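Here is what each chain is made of, one letter per residue.
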Amino acid sequence: MVVVAAFLIIVIAGRIHAQLVTPSTIAFDTHGLKFQHSQGWLPLEPMHPAPSRILRDPTGALPKPDAGYHVSMTSSLDPAVRIEVLVDKKPGWRNVVTGLELDRRSRYGELYSLEDSSVREIEAQNWLRTSYRYAHAAEKGDVPRVDRAVEYATEDRDQQYVITLFGSPAQIERIESVIAPTLRVATRSGLPLVPQTRSLAQRKQPGPVAEAFASTVMIVVADLIDGRLRARGGGSGVVVGTDGSMLTNYHVIHDKEGRLHDLFVIGRFGARDRAPQLVCAGRPSRSKLQRETDLALIKCDTDLDGRMWTPPHEVVRERRKTDVRIGQKLWVLGYPDVGGGGLTISSGEVTGWSGTDGSAGRDFIKTEASISRGNSGGPVIDDEGKLVGIASGSRFKLFTDGRIKEISQAGLVRPITSADCLISIASIGWTPLEGSNDCELQPGAVEAPAGGIEIASTVIDAANSVPVQDALVMVFRPGVAAGAVDVNRLDDQVLAWGRSNSLGEVKLRQPVPAPGTYTVMVVARGYEPLIGQVRLDDKTPPSHDPWAN
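In this convention, every chain numbers its residues from 1, walking through the sequence in written order. Owing to the predicted nature of the model, reporting of local features is limited to residues with pLDDT of at least 70; listing and counting of side-chain atom pairs is limited to 80 or more, with chain, interface and lining totals taken over all residues. Neither water nor hydrogens contribute to the side-chain values; these are computed over all heavy atoms in the structure.

Digging into the side chain of glutamate 176
The test is simple: Secondary structure counts use DSSP, requiring at least four H or I residues in a row for a helix and at least two E residues in a row for a strand, with both numbered from the N terminus. In the analysis that follows, any N or O atom pair within 3.5 Å is treated as a polar contact, provided that within protein one partner can donate a hydrogen and the other can accept it, and provided that, for residues neighboring in sequence, both atoms belong to side chains. Here a residue-residue contact requires only that any non-hydrogen atoms of the pair lie within 4.5 Å.
Assignment of secondary structure puts glutamate 176 in helix H3 (residues 169–179). A polar side-chain atom of glutamate 176 sits 2.4 Å from a polar atom in the side chain of tyrosine 152. Filtering out sequence-adjacent residues up to four positions away, glutamate 176 remains in contact with Arg120, Arg129, Val150, Tyr152, Leu165 and Pro181.

Written out as structure tokens, the structure is:
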């Protein structure tokens, strides 16, 4: 009996001790979200959305309060420790992981650093747990400090729920141990919260195909709505220039009414089982557009703080293939428009060709490879890693009044030959400029020098000596090096130019002063741009062909 009594005393004492050391909890139950949290928090305070770092409202107005529920609780012991709760309507874009990542990037900019992201199941509901670092200044003028946060996010049928814990690792761990196990939402959803990358592991790809992963990008389009940057959709693209130029579908960067989105953000491939890393942003209104072929050339011009972006030198396997045969195997790379948006790959044979309206023609390559909406704009390559075309989830018809009609038809590829002009621009060099959207490779008003050498020559195909018609030959002003050429500034940079006739003959419209050394560029449809130099001296005859030999 003594042993039994002692055992009972130990059990009772243990329970009393647990109650004494375990803080009492309070239930949070509002807007469909339930969880328990410990006492010791100050009353709830409504939060005002922070302005986006990537894209600010041009009027300078602050974001309007969300229609959703956004509050914060601060610890009564440490003002740096807090809990944020956001309950908002379910976003229209189904890529949950990247949409949340854009929200964090928009809030913290380049000073945000993702540490870990994983999915946890709590009462049969999947929650995306994300830990990250961020920098902030408690008061204006303070030296920024780096802190940590852990975010839990999920969606049900109607709403999105985001709970963020701020504090030191030890403080977050204590808060999380109370809140996380008790998280509940109104209804359950089976929407995937992890990157859909299983096809990468399941499929064996040739080495050159796997090398193309690094050049395949995710394109997230967003609009500034009531001062807050919101993700609206996404697509894929492929890097085609060492300056970071990317080729994609035109329909990826505009909405259903044909209006260009306010911003695009680029995600780069990092690992097979991870969502892409957001790295930079740009404006669709500054892109090069081929509306009639549903193609666009885009380029980042800001970082994730909205400052000028200097792209790293890209290593691009810019090999193209223009001849495609029925039965040939093609590989489609891209980012699906759902879940975590990880890179996916599909393959299939070429089954034929199609016109723009579905009739006979060679405007599209038809393939058995799976192409979804998120894959639109992604690269389609062959076994050797050569770029064959651009994936198109649908056909789009452009009307003369600017209206756009989407015609669903799977398995279409826009041949790479349709993008010759855009790829030439990427090869030559360009700076995104508002309103300069046309794929126009020709100077306009070039002022002729007072005198100089009349230059004439012939443009031929080096492989077969066949004359090349409509080739653009440009001589640039002194000091304009090959790496400084900008197609949006040709009127300022070009000294003399001309186009070849059906015999390949070309005579520059303006004389070139002598003596001098000049950068020369030749651009022709279906060919890589040719860049070289021409040297003229006092002995150069008045009419001269520098390439006669």
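Let's talk about a nonpolar patch on the surface
Basically, it comes down to this: Without a salt bridge and with relative accessible area above 30%, a residue can belong to a patch; like charges are then joined within 9 Å and nonpolar side chains (Val, Leu, Ile, Met, Phe, Trp, Tyr) within 5 Å. The Shrake-Rupley method, run with a 1.4 Å probe, gives the accessible areas here. Residue values count only the displayed protein chains as cover. Salt bridges are defined by distance alone: a side-chain nitrogen of Lys or Arg within 4 Å of a carboxyl oxygen of Asp or Glu.
A cluster of nonpolar side chains, Val4, Phe7, Leu8, Val11 and Ile12, forms an exposed patch at the surface whose accessible area comes to about 470 Å². The topology assignment puts valine 11 in helix H1 (residues 2–21).

Regarding the environment of serine 24
By the element assignment, serine 24 lies in the loop between H1 and strand E1 (25–30). A C-alpha to C-alpha distance of 8.4 Å links serine 24 and histidine 37, two positions 13 residues apart in sequence. Beyond its immediate sequence surroundings of up to four residues, serine 24 is in contact with His37, Ser38 and Gln39. At 3.1 Å, the side chain of serine 24 forms a polar contact with the side chain of glutamine 39.

Description of the pattern of salt bridges
As a reminder, the rule being used: Any residue under 20% of the maximum accessible area for its type is buried, any over 50% is exposed, and the rest in between are partly exposed; the area is computed with a 1.4 Å probe on protein chains only.
Inspection of the entire model under this criterion finds 24 salt bridges. A salt bridge links aspartate 262 to arginine 259; the nearest nitrogen and oxygen atoms lie 2.6 Å apart. Owing to a relative accessible area of 37%, arginine 259 belongs among the partly exposed residues under this scheme. Among the charged side chains, a salt-bridge network with shared partners connects Arg53, Asp303, Asp305 and Arg307.

Quick word on the state of the cysteines
What counts here: The disulfide criterion is simple: two cysteine sulfur atoms within 2.5 Å.
Taken as a whole and judged by the stated rule, the model has two disulfides. At a sulfur-sulfur separation of 1.8 Å, the disulfide partner of cysteine 421 is cysteine 439. Measuring handedness by torsion sign, the sulfur bridge of cysteine 421 and cysteine 439 sits at about -120° and is left-handed. You can see cysteine 421 sitting in helix H6 (residues 420–428) and its partner cysteine 439 sitting in the loop between H6 and strand E24 (454–458), a full 18 residues away along the chain.

As for unusual backbone geometry
In this chain, alanine 514 is followed by proline 515 through a cis amide linkage whose omega measures 0°. Within the element layout of this structure, proline 515 appears in the loop between strand E27 (505–507) and strand E28 (516–523). Phi is positive for alanine 124, which is not a glycine, with a value near 65°. Topologically, alanine 124 is positioned in the loop between strand E6 (113–122) and strand E7 (125–136). With a phi close to 65°, serine 465 is a non-glycine residue in the positive phi region. The residue serine 465 is located in the loop between E24 and strand E25 (472–476) in this model.

A look at the sheet that holds strand E3 (residues 45–46)
For the record, the criterion: If DSSP finds at least two bridges between two strands, the strands pair. Between N-to-C directions, angles span 0 to 180 degrees; the directions come from axes that are lines fitted to C-alpha atoms, helices contributing only their stretch in contact.
Taken together, the seven strands give an open sheet; going across it, the order is E3-E4-E5-E9-E8-E7-E6, and neighbouring strands pair in antiparallel fashion. Only two strands of the sheet have a single neighbouring strand rather than two, namely E3 and E6. Bridge analysis of strand E5 (residues 82–89) against strand E9 (residues 159–167) gives eight bridges, and the strand direction is antiparallel. Opposite valine 87, over in E9, you have tyrosine 161 as the bridge partner. Packed on one face of the sheet, helix H2 (residues 96–108) meets E5, E6, E7, strand E8 (145–155) and E9 and runs near 20° to E7. Each of E5, E6, E7, E8 and E9 touches H3; the most contacted strand, E9, lies at about 140° to it.

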